[in-house]
Amino acid sequence: MARIIAGIGTSHVPAIGVAMDKGLTATPYWDPLFKGYGPARDWLAGHKPDVAIIVYNDHASAFSLELIPTFLIGVADEFPIADEGFGPRPVPVVKGHPELAWHMAESLILNEFDMTIANEMPVDHGLTVPLSVTCGQPQEWPFPVIPLCVNVVQYPPPTGARCFKLGRAIRNAVESFDEDLKVVIYGTGGMSHQLQGERAGLINREFDTAFLNRLTSDPQALSRLPHTEYMREAGSEGVELVMWHVMRGALGDHVREVYRHYHVPASNTAAAIIVLENRSAA
Ligand code: DHB
Ligand code: FE
């Protein structure tokens, strides 16, 4: 049986990817952030997952306002790197896991989550930056990836509570796959940030810290935060945090926080990474 061994929550700020691609990670601005990724990278390299599910949002790269899937799963053999305006990032192509992805699509849809299915899709910084910060700069990514997109770009995004329930359904889907696979699930985006308007640059360390704390201790109540609370407290793009509830919902009731790092600023954003081991599956 396949099982989810851990969840990783991480920001997916594009400038973090650019800093890696341009060899700037040891500069005074970036060094404190990148030092903080080391232990999470070591944890991941030590646990060697067979596949990762990466929950992220497309930023009008694969989709435009013409087509807005609320929840989508990628079932392709591979996913090319999106050109976000400066050419594709110089990172390896993302290999998929079509067998598990199709099994998940069937299980999720028959369990009443109406997923869009992507047979072809470029992946943008929302997916590639989390891979870069947790895997470094290898020739090939160390595991195949199942992209799972959530719309947080165009109102209305799904609620955090719905995202948490999707996580639960993902866990059931994974655990009903016959092959013995170790799966890690990423929730990406956040933390507090607002990229436009009068409050551009908003950062709320108190909100972010409480969010990280409650992810371990009180996840279901946390998932019921309304969208307006993210807007007010974490800025308009802080609503990306609903994707972390998919990750947390896919873990059991009992998790152990094995690592956390929080740093301001990364571009206009508060950046965090958290690693949660799933004790329920042990
Ligand atoms: C930025 C973009 C993002 O998608 C994000 O999640 C955080 C920051 C940016 O453009 O700085
Ligand atoms: Fe984003």
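Structure's up top.
Quantities reported herein were computed from a predicted structural model and do not represent experimental measurements. (Residues numbered from 1 in each chain as written. Chains lettered and ligands numbered in written order. Predicted model: local features only at pLDDT ≥ 70, side-chain atom pairs only at ≥ 80, totals over all residues. Heavy atoms only, no water.)

Caption draft 1: Summary view of the overall build of the chain. Across its full length, the chain holds 10 helices and 10 strands. Relative to the compact-globule value of 19 Å for 282 residues, the chain shows a C-alpha radius of gyration of 17 Å, a close match. Referenced to the eigenvectors of the C-alpha coordinate spread, the extents of the chain come out at roughly 45 × 40 × 40 Å. Residues classed as buried in the chain amount to 56% of the 282 residues present. For the chain, contacts bridging at least 24 residues in sequence account for 80% of all contacts bridging at least 6. When the accessible surface of the chain is split by element, carbon and sulfur atoms take 51% of a total near 11900 Å². (Helix = DSSP H or I, 4+ residues; strand = E, 2+ residues; numbered from the N terminus. Rg over C-alpha atoms; globule rule 2.2 N^0.38 Å. Buried < 20%, exposed > 50% of the residue type's maximum accessible area, 1.4 Å probe, protein only. Contact = heavy atoms within 4.5 Å. Areas by Shrake-Rupley, 256 points an atom, 1.4 Å probe, with all protein chains shown as cover.)

Caption draft 2: Molecular detail of a negative patch on the surface. Together, Asp 50, Asp 77, Glu 78, Glu 99, Asp 178, Glu 179 and Asp 180 give the surface a local cluster of negative charge. Looking at where Glu 78 falls in the secondary structure, it is placed in strand β4 (residues 78-79). (Patch = residues over 30% accessible without salt bridge, like charges linked within 9 Å, V, L, I, M, F, W, Y side chains within 5 Å. Salt bridge = Lys/Arg side-chain N within 4 Å of Asp/Glu carboxyl O. Lys, Arg positive; Asp, Glu negative; His and termini not counted. Charge placed at Lys NZ, Arg CZ, Asp CG, Glu CD.)

Caption draft 3: The coordination of the iron ion (ligand 2), seen in detail. Coordination sphere of the iron ion (ligand 2), protein contribution only: His 12 (NE2), His 59 (NE2) and Glu 240 (OE), at 2.0 to 2.2 Å. For the iron ion (ligand 2), the single-chain donor residues occur in sequence as H-x46-H-x180-E. Taken together, the residues His 12 in the loop between β1 (3-10) and α1 (14-21) and His 59 in the loop between β2 (51-56) and β3 (71-74) connect sequence positions 47 residues apart. Judged by relative accessible area, His 59 falls into the partly exposed class, the value being 24%. (Donors = N, O, S within 2.8 Å, 3.2 Å for Na, K, Ca; no water.)

Caption draft 4: Molecular detail of the site of ligand 1. Taken together, His 12, Val 13, Pro 14, His 59, His 125, His 193, Leu 195, Glu 240, Ser 267 and Thr 269 form the complete shell of residues around ligand 1. A distance of 3.1 Å separates an oxygen atom of ligand 1 from a polar side-chain atom of Ser 267. Contact with the protein chains removes 85% of the 290 Å² of surface that ligand 1 exposes when unbound. Residue composition of the shell around ligand 1, by class: three nonpolar, six polar and one charged. (Near = heavy atom within 4 Å. Polar contact = N/O pair within 3.5 Å; in protein donor to acceptor, adjacent residues only side chain to side chain. Nonpolar A, V, L, I, M, F, W, Y, C, P; charged D, E, K, R; others polar.)

Caption draft 5: The environment of Arg 256, seen in detail. Looking at the secondary structure, you find Arg 256 in strand β9 (residues 255-266). Classification of Arg 256 by relative accessible area gives partly exposed; the value is 42%. Sequence-distant contacts of Arg 256, defined by excluding residues within four places in its chain, comprise Val 275, Leu 276, Glu 277 and Arg 279.

Caption draft 6: The arrangement of the packing of helix α4 (residues 98-110) against helix α6 (residues 160-175) in detail. Viewed as axis vectors pointing N to C, α4 and α6 meet at an angle of 125°, and their least axial separation amounts to 9 Å. With respect to α6, the axis of α4 lies oblique. Where α4 crosses over α6, the handedness of that crossing is right-handed. When α4 is examined against α6, the residues His 103, Met 104, Ser 107 and Leu 108 are found in contact with a partner set consisting of Leu 166, Ala 169, Ile 170, Ala 173 and Val 174. (Axes fitted to C-alpha atoms, helices over the stretch in contact; angles between N-to-C directions. Parallel < 35°, antiparallel > 145°, perpendicular 65-115°, else oblique. Left-handed = near helix turned anticlockwise from the far one by under 90°.)

Caption draft 7: Quick peek at the nonpolar core. Judged by nonpolar contacts, the single largest core of 53 residues is most densely connected at Ile 53, Met 104 and Ile 170. Among the elements that take part in this core, α6 stands out by supplying six residues, more than any other. Here Ile 170 is in contact with Ile 4, Ile 53, Met 104, Leu 108, Leu 148, Ile 185, Val 246 and Ala 250, once residues within four sequence places are set aside. If you look at the next biggest cluster of nonpolar residues, it comprises 43 residues, including Tyr 37, Phe 63, Phe 79 and Cys 135. (Core = buried A, V, L, I, M, F, W, Y, C linked by side-chain atoms within 4.5 Å.)

Caption draft 8: Main features of the pairing of strand β10 (residues 269-278). Most of β10 is tucked away: 10 of the 10 residues are buried. Residues Thr 269, Ala 271, Ile 273, Val 275 and Glu 277 point to one face of β10 and Ala 270, Ala 272, Ile 274, Leu 276 and Asn 278 to the other, with burial holding for every one of them. One ladder, built from five bridges, connects β1 with β10; its direction is antiparallel. In the strand pairing of β10, Ala 6 is matched with Glu 277. By the bridge criterion, nine bridges tie β9 to β10 in an arrangement that is antiparallel. Looking at the pairing, Tyr 259 lines up with Val 275 of β10. (Pairing = 2+ DSSP bridges.)

Caption draft 9: Molecular detail of helix α9 (residues 227-234). Those residues of α9 that fall on the buried side of the exposure criterion are His 227, Tyr 230 and Ala 234. The buried residues of α9 occupy an angular sector of 75° when projected down its axis, which confines them to one face. Looking at the buried positions of α9, the neighbouring elements they touch are α7 (205-217), α8 (219-223) and α10 (242-249). Among the residues trailing α9, Gly 235 stands out with phi positive, at a value near 85°. (Arc of directions from axis to C-beta.)

Caption draft 10: Representation of the packing of aromatic side chains within the structure. As enumerated under the stated definition, the model contains eight aromatic pairs in all. Joined through ring pairs, the aromatic side chains of Tyr 29, Trp 30, Phe 34 and Tyr 37 make up one cluster. (Phe/Tyr/Trp six-rings, centres within 6.5 Å; stacked < 30°, edge-to-face > 60°.)

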